[in-house]
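Notes for the structure review
Chain residues, written in single-letter form:
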Amino acid sequence: MRTSVRIKVYTDVNSLVREAANQIVSLAAPAIKDRGRFSLGLSGGSTPEPLYRALATERFTRYLDWSHVHVFWGDERCVPPDHADSNFRMAREALLDQVPLPADHIHRIEGELDPELAAARYEQVLTTFFGQQETGDIPSRPRFDVLILGMGDDGHTASLFPGTTALGEQVRWVVPNYVDKLGVWRVTLTALAINSAAHILFLVSGTEKAGVLRKVLLGPRQPQVYPAQLIYPDDGLLTWHIDAQAVAELRA
Ligand code: 6PG
């Protein structure tokens, strides 16, 4: 596979959700057929939630063999798994509790732990799942079949926030990241790990994202200011799913 980028624009968020769900379901089938499993990385935020709810409906579940799906997260807030802010909790309520997914196929980031420990443990989970390279002891890449990302109105994605230390990480797949402007710790995949995915789906909706989306896609390269600019798969497909409100300034 060679890297390619597609931009898909929808009249409303419902069509965006439907097409993103279709894309996920159609990518799962060949992965399960060829390798016996489908690895799906989830994000937090408000845009993915309707997608998770859609994936839990019969319209999509009948095409997806959940017994072969493994679920991961791109980032997590440093809170317990039942906390209102937990990305795991959101995905569990919207999707995971509704589908026949084996419990040991849920690979969450333990936001209740010390952030450094949670990052190290999650990186170990990824190393075990995605394996070691056949030669040498260099770990292979965390090659998610699909990784879902959102983008904040400041250009952050996963928990890669503007100006934070995680942006410069060149070795680790997962790091703790202090977000000064929110006064909180997060645990996040690094750009190195995200860009290893086979398919990255960026979901962007709403007027408040329009200005930053234009800067991310058309502005000068400033990843310290707009971390979403770091996302470009090494060897995979990046699809931007954008609704009419978020695309408004690109059109202008
Ligand atoms: C999180 C995220 C984050 C999110 C964006 C967009 O934990 O908050 O993973 O990167 O995707 O902030 O969020 P919205 O869809 O709510 O705008």
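Residues numbered from 1 in each chain as written. Predicted model: local features only at pLDDT ≥ 70, side-chain atom pairs only at ≥ 80, totals over all residues. Heavy atoms only, no water.

A short note on the site of the ligand
Near the ligand you find 17 residues, and of these Ser46, Asp75, Arg77, Ala158 and Lys209 are the closest. At a separation of 2.7 Å, an oxygen atom of the ligand approaches a polar side-chain atom of His156. The contact in question runs from an oxygen atom of the ligand to an N or O atom on the side chain of Lys209, over 2.6 Å. Here the ligand, which alone exposes 410 Å², has 89% of that area covered by the protein. Counted by class, the shell around the ligand contains three nonpolar, 10 polar and four charged residues. (Near = heavy atom within 4 Å. Polar contact = N/O pair within 3.5 Å; in protein donor to acceptor, adjacent residues only side chain to side chain. Areas by Shrake-Rupley, 256 points an atom, 1.4 Å probe, with all protein chains shown as cover. Nonpolar A, V, L, I, M, F, W, Y, C, P; charged D, E, K, R; others polar.)

So, the packing of aromatic side chains
Enumeration according to the criterion identifies eight aromatic pairs in this entry. For the ring pair Phe72 and Phe144, a centre distance of 5.4 Å and an interplane angle of 70° mean the geometry is edge-to-face. Note that Phe72 is positioned in strand β3 (residues 69-73) and Phe144 in the loop between α5 (115-130) and β5 (146-150), a separation of 72 residues in sequence. For Phe72, a relative accessible area of 0% corresponds to the buried category. Judged by relative accessible area, which is 0%, Phe144 ranks as buried. Grouped by ring-pair contacts, the aromatic residues Phe72, Phe129, Phe130 and Phe144 constitute a single cluster. It is Arg37 that lies over the ring of Phe129; its NZ or CZ is 3.7 Å from the centre. The aromatic ring of Phe88 is capped on one face by Arg108, whose charged end is 5.5 Å from the ring centroid. (Phe/Tyr/Trp six-rings, centres within 6.5 Å; stacked < 30°, edge-to-face > 60°. Helix = DSSP H or I, 4+ residues; strand = E, 2+ residues; numbered from the N terminus. Buried < 20%, exposed > 50% of the residue type's maximum accessible area, 1.4 Å probe, protein only. Lys NZ or Arg CZ within 6 Å of the ring centre and 35° of its normal.)

Some points on helix α4 (residues 87-94)
One turn of an α-helix holds 3.6 residues; hence residues three or four places apart share an orientation. The buried fraction of α4 is high, at six of eight residues. Of the positions making up α4, those classed as buried are Asn87, Phe88, Arg89, Met90, Ala91 and Ala94. The elements touched by buried residues of α4 are β2 (38-42), α2 (48-55), β3 and β4 (75-77). Its side-chain oxygen 3.2 Å from the backbone nitrogen of Phe88, Ser86 forms the N-cap of α4. (Contact = heavy atoms within 4.5 Å.)

Notes on the nonpolar core
Among the nonpolar cores identified, the biggest contains 78 residues, and Phe38 and Leu51 are the most heavily contacted of them. In contact with Phe38, not counting residues within four places along its chain, are Ile24, Leu27, Ala28, Ala31, Ile32, His68, Val69, His70, Asp145 and Val146. (Core = buried A, V, L, I, M, F, W, Y, C linked by side-chain atoms within 4.5 Å.)

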